[in-house]
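Listed below, chain by chain, are the residues.
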Amino acid sequence: MFEKTIVKVAMNGQGVLHRRGFLGGIGLGVAGLATVSFTDMLALQAEELRKRQMACILLWMAGGPSQMETFDPKPDHANGGGLKPIETDVPGILIAPGWERTAKVMKDVALVRSMTNKEGNHERATYQLHTGYPPSGTVKHPSFGCVSANELGDPKFDLPHIVSIGGATVGAGMLGVSLEPFVVQNPTKPPADVVPPVSTARFTRRLGLMQALEQGAFERTGGADRVKDHTALYRQTAGMVLSPRMKAFDLSNEDAKVRAAYGTSAFGQGCLLARRLVDAGVTFVEVRSGGWDTHKDTVEGVAKNASQVDPGFASLIADLKSRGMLDRTLVIWMGEFGRTPKINPTAGRDHFPRVFNIALAGGGIKGGQVLGASSPDGTEVKDQPIAVTDLLASFCHSLKIDPAKENMSALGRPIKIVDGGKVVKQLFS
């Protein structure tokens, strides 16, 4: 029951294809095998999958990035910190220094400078920006990534549909264990815990034995729910372990020049891994960057982070575009809130959810524009305030997900994917 060999992993919109059916479906006879490897055909099939489905890559700036030192500089006010902004490839759009690579792809990027929220606590704001809901004691809301995996991902696909690179993130909540993110701590090394310790046949026999044990007395004596979740998790894991698509996690297969363009940092390599995973058919990838909680020395802290994030972000956009994948892949750059316009006595900036900025590209987003504006001193939204629910509704629009669809909580309560909010139509071409 758990067996999933190379013969059974190719997919189409109706599910899994046998190898012979797969070859016939793309017009290849036996002679074609001499020149086209099965791995190459998997890549072709993944491309077809991407044509039918959208994908999303979230670049998460954990800690809350300062808007003044990123994409909403204030050079004419003391709150700006004295930084001289740089020009981009879009006349009139200026951003903070340290983002020179991003400046060169601004034609594909939309900046939102009027995000506004009330949550100034890291954990609560992180939860809200990921789920669209404030934390609740009665409901564990799923992250937007897990929702995307649930709505867009084929359940028979043999890789995780949501991957978090650089650490754990907000989970699947009421959607269940099968949609929990697969965490990759170090993108430069393939996951060590998904290599079969024994032969495929022996591995499969062990899984069958475990299933037989669980579905015996334990299941009949009150453990049915736990057995169901455990079985689903192991079935999913077994499929991944035996999948040839696992090569997507191995960056050593990537061209050296491409790897260098993304930067040698863990974040830059994580962006490259995200592109490879989306190319292989994964629906949602989050790449995490830490160190943005700059209560001290904000200018120096952001400059250090930008030196890693800037090449990764810019290369990701350019790489996706060159491969014809950008239109089908929404790229989100954001954190949980912004930083105070006024610099504190330790040359830092504190938590500030009232006004912050984000950057978006791909997925139908119209690049080369700025939406909304903050006041000259950066203390409030001057034009076109955009709430978290508006943002999530816009993500749904990009990925062709119905935001009004309801999922059922453990208590039998229907929960909409996004409760309220309006699509920011100006974002889209």
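Everything below is about the structure shown above.
Residues numbered from 1 in each chain as written. Predicted model: local features only at pLDDT ≥ 70, side-chain atom pairs only at ≥ 80, totals over all residues. Heavy atoms only, no water.

Turning our eyes to something else, we now look at the nonpolar core. Formed by 54 residues in total, the largest nonpolar core has its most connected members in Leu59, Trp99, Ile165, Leu277, Val285, Phe313 and Trp333. Excluding residues that lie within four positions of it along the chain, Val285 makes contacts with Cys56, Ile57, Leu58, Val163, Ile165, Ala274, Leu277 and Val278. (Core = buried A, V, L, I, M, F, W, Y, C linked by side-chain atoms within 4.5 Å. Buried < 20%, exposed > 50% of the residue type's maximum accessible area, 1.4 Å probe, protein only. Contact = heavy atoms within 4.5 Å.)

Turning to helix H10 (residues 388–399), a few remarks are in order. Taking 1.5 Å as the rise per residue, H10 with 12 residues should run 16 Å; its terminal C-alpha atoms sit 17 Å apart, in good agreement. Summarising burial for H10: 10 of the 12 residues are buried, a large majority. Where H10 is concerned, the buried positions are Val388, Asp390, Leu391, Leu392, Ala393, Ser394, Phe395, Cys396, Ser398 and Leu399. Those residues of H10 hidden inside the fold are in contact with strand E3 (55–61), strand E6 (109–115), helix H4 (122–131), helix H5 (144–152), strand E10 (329–334) and strand E13 (356–361). (Helix = DSSP H or I, 4+ residues; strand = E, 2+ residues; numbered from the N terminus. Expected span 1.5 Å × (residues − 1).)

What follows deals with the pattern of salt bridges. Here the structure, examined in full by the defined rule, presents 15 salt bridges. A salt bridge links Lys74 to Asp72, with the nearest nitrogen and oxygen atoms 3.7 Å apart. The exposure class of Asp72 is buried, given its relative accessible area of 4%. Each of Glu254, Arg275, Arg276, Asp279, Asp319 and Arg323 takes part in a single network of salt bridges with overlapping partners. (Salt bridge = Lys/Arg side-chain N within 4 Å of Asp/Glu carboxyl O.)

With respect to the secondary-structure elements, Gln269 resides in helix H8 (residues 266–280). Not counting chain neighbours up to four residues away, the residues in contact with Gln269 comprise Pro187, Thr188, Leu251, Arg259, Tyr262, Gly263 and Thr264.

It is worth spelling out H5 at this point. By the criterion of burial, H5 is predominantly enclosed, with 7 of the 9 residues buried. The inward-facing, buried residues of H5 abut H4, strand E7 (162–165), strand E9 (284–289) and H10.

This part covers the pairing of E10. For E10, the buried fraction is high: 6 of the 6 residues fall into the buried class. In E10, alternate side chains face the same way, and those of Thr329, Val331 and Trp333 on one face and Leu330, Ile332 and Met334 on the other are all buried. Relative to E13, E10 runs antiparallel, the two sharing 3 bridges. From the neighbouring strand, Trp333 faces E13, where its bridge partner is Ala359. (Pairing = 2+ DSSP bridges.)

A sheet is described by the order of its strands in space; here 8 strands give the open sequence E8-E7-E9-E3-E10-E13-E6-E14, paired in mixed fashion. The sheet is open, and its two edges are formed by strand E8 (182–184) and strand E14 (369–371), each paired on a single side. Sheet twist, expressed as the mean angle between neighbouring strand axes with direction ignored, is 20°. In this sheet, E9 lies alongside E3 in parallel orientation, the contact comprising 6 bridges. What sits directly across from Leu59, in E9, is Val287. Where helix H9 (residues 298–322) meets the sheet, it contacts E3, E6, E9, E10 and E13, and its direction lies at approximately 165° from that of E10. (Axes fitted to C-alpha atoms, helices over the stretch in contact; angles between N-to-C directions.)

All right, on to unusual backbone geometry then. A positive phi angle, close to 50°, is found at Asp297, a residue other than glycine. You can see Asp297 is positioned in the loop between E9 and H9. With a phi angle near 65°, Lys400 is a residue other than glycine that sits in the positive phi range. Turning to its location among the elements, Lys400 is positioned in the loop between H10 and strand E17 (406–408).

This brings us to the environment of Lys304. Inspection of the secondary structure assignment puts Lys304 in helix H9. Separated by 13 residues in sequence, Lys304 and Gly291 have C-alpha atoms that sit 9.2 Å apart.

Let us now look at the environment of Pro345. Take Pro345: it is sitting in the loop between strand E11 (338–339) and strand E12 (351–352). Each C-alpha atom, one on Pro345 and one on Asp297, is 9.7 Å from the other, the two residues being 48 residues apart in sequence.

All right, on to the pairing of E6 then. Among the 7 residues that make up E6, 7 are buried, leaving the element largely enclosed by the rest of the structure. Note: E6 against E13, 5 bridges, orientation antiparallel. Looking across to E13, one finds that Val112 is bridged to Ile358. Alignment of E6 against E14, held across 3 bridges, turns out to be parallel.

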